[in-house]
Amino acid sequence: MSISRTRRRLLQSLAALAAAPLLRIDPALAASKLRLGGAQPFSWERLRRHARRLAARPFEPTPPRYPKLLDTITYDVYQKIRFRRRDALFAGSGDPFPVEFFHLGRYAQQPVAIHVVEHGRSRRVRYSPGLFQYDDTGLADKVPNDLGFAGFRVMNNGTEPGDWLAFQGASYFRSAGPLNQYGLSARGIAVDTAVPGRAEEFPRFTAFWLEESRTDPHGLTVYALLDGPSVTGAYRFRCRKQGAVVMDVRAELFQRAAIDRLGIAPLTSMYWYSETNARRGTDWRPEIHDSDGLALWTGAGERIWRPLNDPPHVQTNSLPAAKGTSWRFDYRLYWVAIEPFLPAVARVVATRLGRPGVPGQHAPRDPHGRKFVIDFTGGPLATMRQRYDVQAVVHTSRGRVGNAHVLKVVGTDRWRASFDLHVTGAEPVDLRCYLRLGQRTLSETWLYQFIPGDYGFDCAQR
């Protein structure tokens, strides 16, 4: 009888241990307010099957739970709400990257489910107002216990302030990279961006699962469920930070409806003006933008650099996608200061625009003319001495090109190509330029969209 009761108690104890949170808790977290829900099986295959099943059902948006309250959390109020660092996920587990959570507010009202995964089991992180400091916002006694999270961010270790990875809003995510400075953002998917007469669709990550790497002390895996009116998806992000931040992404997408314009692995960057077209800006700063340009490495082996601008109309290349189609994509994102695979040829480092003609020579002013000056460096140019048989190969979609020549900038390792463009009309002009010596290509291709009338006189440094 006593042996039976002892066995029963032992089984009850083991059952209680099995139901306990799977976090590796240390004494420092004994007072943590972070709580987890019950354990459920989890795997990549389960996630993708769930995404496929969702695509076969009508879309059901996630409504905000307390919209009136959230409307009071303006941008300024939001800045005063802080997550309590001691309650961060993984904070006491020895993991170098604790995870903090974003609060909901006026501009992020739809909650997302966040889970922690270990040994094939997941537990949902339970929201609690006690996880946040509200300072003088007056919200501490008003926020309900079931409000939910807006997203999460992965913090740097104790010797480095701030965060290096954040997921918040629709399918947006971004990394601060090795410079610890946020700029360009990525998205899981882009649907019907800039389709005339149609609003862009923003599918959103509705749930996340976070898993510590058991083999890489610098790694973290993020799983996400995407849901939207036209598409669902299962995502896996293998994120690693050791200096640079590298993310290996797997995405499996399932269409609910036909899509006119589908963007895979999209990137989003804020751009007002740069030093090239600073004349358009009304601010005192010489340039206001997140990114300088787009670097491309084509399947044909061509290296392209395209400085950004702000054209009057959106221009896209697209391929329509049909209802019922499924897609699988694997790609890698590098969040770095310098592109990871530098070309063997010279790179563009500056773009300048000015009046056409030869400085110091009197000539009638050309109201339809523009001079373009492009600096290249690196590759075979790095050790090349001054010579005068290097050619600037220039192509234009319309208009006339003249006065093209190339010189080495004295006292530097830069080579400068310049040419004049004469063009009438208001339609955009597509320009291409690269350096060549005989039949040898010396540089990547500079690709630029020029908008006649959108002039600036300064330079844009890469």
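Just so we're clear, the structure is a prediction, and the values are computed from it rather than from any experiment.

Q: Please clarify how the overall build of the protein should be interpreted in this entry.
A: Looking only at helices and strands, the protein has 4 helices and 31 strands in total. By residue count, 45% of the 462 residues in the protein fall in the buried class. If you sum the accessible surface of the protein, you get close to 24500 Å²; carbon and sulfur atoms cover 53% of it.

Q: So what exactly am I meant to see when it comes to the sheet that holds strand S10 (residues 185-187) here?
A: Strands belonging to one sheet form pairs held by backbone hydrogen bonds; the direction of such a pair is parallel or antiparallel. Strand order in the open sheet formed by 6 strands is S3-S7-S8-S9-S10-S17, with antiparallel pairing between adjacent strands. One side of each edge strand has no neighbouring strand; the edge strands of this open sheet are strand S3 (99-103) and strand S17 (267-268). In terms of strand pairing, S3 meets strand S7 (residues 149-155) through 5 bridges, oriented antiparallel. Counted as the bridge partner of Glu100 is Arg153 from S7.

Q: Explanation requested: unusual backbone geometry in the structure shown.
A: Residues apart from glycine generally show negative phi values, whereas peptide bonds are mostly found in trans. Of note in the backbone geometry, Asp135 takes a positive phi value of approximately 50 degrees without being a glycine. Relative accessible area serves as the criterion here: at 47%, Asp135 is assigned to the partly exposed category. Not every positive phi belongs to a glycine, and Asp192 is a case in point at roughly 55 degrees. Position of Asp192 relative to the elements: it lies in the loop between strand S11 (189-191) and strand S12 (204-212). Overall, the relative accessible area of 1% leaves Asp192 in the buried class.

Q: Honestly, the side chain of Ser291 in this entry has me stumped. Any pointers?
A: Checked against the element boundaries, Ser291 lands in the loop between strand S19 (288-289) and strand S20 (293-297). Residues contacting Ser291, with those up to four places away along its chain left out, are Leu184, Ser269, Met270, Tyr271 and Leu308.

Q: Honestly, the pairing of strand S13 (residues 219-227) in this entry has me stumped. Any pointers?
A: Strand residues, when the strand is regular, have side chains that alternate between the two faces of the sheet. The element S13 is largely enclosed, with a buried count of 9 among its 9 residues. Where burial is concerned, the two faces of S13 agree: the one with Gly219, Thr221, Tyr223, Leu225 and Asp227 and the one with Leu220, Val222, Ala224 and Leu226 are both buried. Both S12 and S13 contribute to a ladder of 8 bridges, which runs antiparallel. Residue Glu212 lies in a different strand from S13, and its bridge partner there is Leu220. The antiparallel pairing of S12 with S13 creates a hairpin that spans 6 residues between the two strands. Where S13 meets strand S14 (residues 231-242), 9 bridges bridge the pair, whose relative direction is antiparallel. Bridge pairing in S14 links Leu226 to Gly233. Hairpin connection between S13 and S14: a loop of 3 residues separates the two successive antiparallel strands.

Q: Got a minute to help me understand the packing of aromatic side chains in this structure?
A: By convention here, two paired aromatic rings are described through the distance between centres and the angle between planes. Tallied over the full model, the rule gives 31 aromatic pairs. Ring geometry for Phe167 and Phe205: centres 6.4 Å apart, planes at 55 degrees, overall tilted. Of this pair, Phe167 sits in strand S8 (residues 163-168) while Phe205 sits in strand S12; the two residues are 38 residues apart in sequence, bridging distant segments of the chain. For Phe167, a relative accessible area of 0% corresponds to the buried category. Summarising the aromatic geometry, the rings of Trp327 and Phe329 are spaced 6.0 Å apart at their centres and angled 15 degrees between planes, so their arrangement reads as stacked. Given a relative accessible area of 23%, Phe329 falls into the partly exposed group. Note that Arg174 overlies the ring of Tyr182, its terminal NZ or CZ placed 4.2 Å from the centroid. Across the ring face of Trp297, the terminal group of Arg303 is positioned such that the distance to the ring centre comes to 4.2 Å.

Q: What's the story with helix H2 (residues 44-55) in this structure? I'm lost.
A: Along an α-helix, residues three or four positions apart point the same way, because every turn accommodates 3.6 residues. In a regular helix each residue adds 1.5 Å, so 12 residues correspond to 16 Å; H2 covers 17 Å between its end C-alpha atoms and thus fits that length. What H2 keeps buried is the set Trp44, Leu47, Arg48, Ala51, Leu54 and Ala55. Seen end-on, H2 carries its buried residues on one side only, within an arc spanning 120 degrees. Contacts made by the buried residues of H2 are with S12, S13, S14 and strand S15 (244-255).

Q: Sorry, what's going on with the sheet that holds strand S1 (residues 35-41) here?
A: An order of S1-S5-S4-S12-S13-S14-S15-S22 is seen for the 8 strands of this open sheet, with the pairing classed as mixed. Looking at which strands have only one partner, the edges of the open sheet turn out to be S1 and strand S22 (326-335). Here the average twist between neighbouring strands, direction ignored, is 20 degrees. The strands that H2 touches are S1, S12, S13, S14 and S15; relative to S14, the one it contacts most, it runs at about 150 degrees.

Q: It is not clear to me how the pattern of salt bridges should be interpreted in this structure. Could you clarify?
A: Evaluation of the coordinates by the stated rule reveals 26 salt bridges. Here Glu200 and Arg187 are joined by a salt bridge, their closest N and O atoms 2.9 Å apart. With a gap of 13 residues between them, Glu200 in the loop between S11 and S12 and Arg187 in strand S10 connect regions that are remote in the sequence. For Arg187, a relative accessible area of 8% corresponds to the buried category. Between Arg347 and Glu339 there is a salt bridge, with its nearest N and O atoms 3.3 Å apart. Assigned by exposure class, Arg347 and Glu339 land together as buried. Salt bridges sharing common partners tie together Glu45, Arg48, Arg49 and Glu252.

Here is what the cut-offs are and how they apply
- Residues numbered from 1 in each chain as written.
- Predicted model: local features only at pLDDT ≥ 70, side-chain atom pairs only at ≥ 80, totals over all residues.
- Heavy atoms only, no water.
- Helix = DSSP H or I, 4+ residues; strand = E, 2+ residues; numbered from the N terminus.
- Buried < 20%, exposed > 50% of the residue type's maximum accessible area, 1.4 Å probe, protein only.
- Areas by Shrake-Rupley, 256 points an atom, 1.4 Å probe, with all protein chains shown as cover.
- Pairing = 2+ DSSP bridges.
- Contact = heavy atoms within 4.5 Å.
- Phe/Tyr/Trp six-rings, centres within 6.5 Å; stacked < 30°, edge-to-face > 60°.
- Lys NZ or Arg CZ within 6 Å of the ring centre and 35° of its normal.
- Expected span 1.5 Å × (residues − 1).
- Arc of directions from axis to C-beta.
- Axes fitted to C-alpha atoms, helices over the stretch in contact; angles between N-to-C directions.
- Salt bridge = Lys/Arg side-chain N within 4 Å of Asp/Glu carboxyl O.

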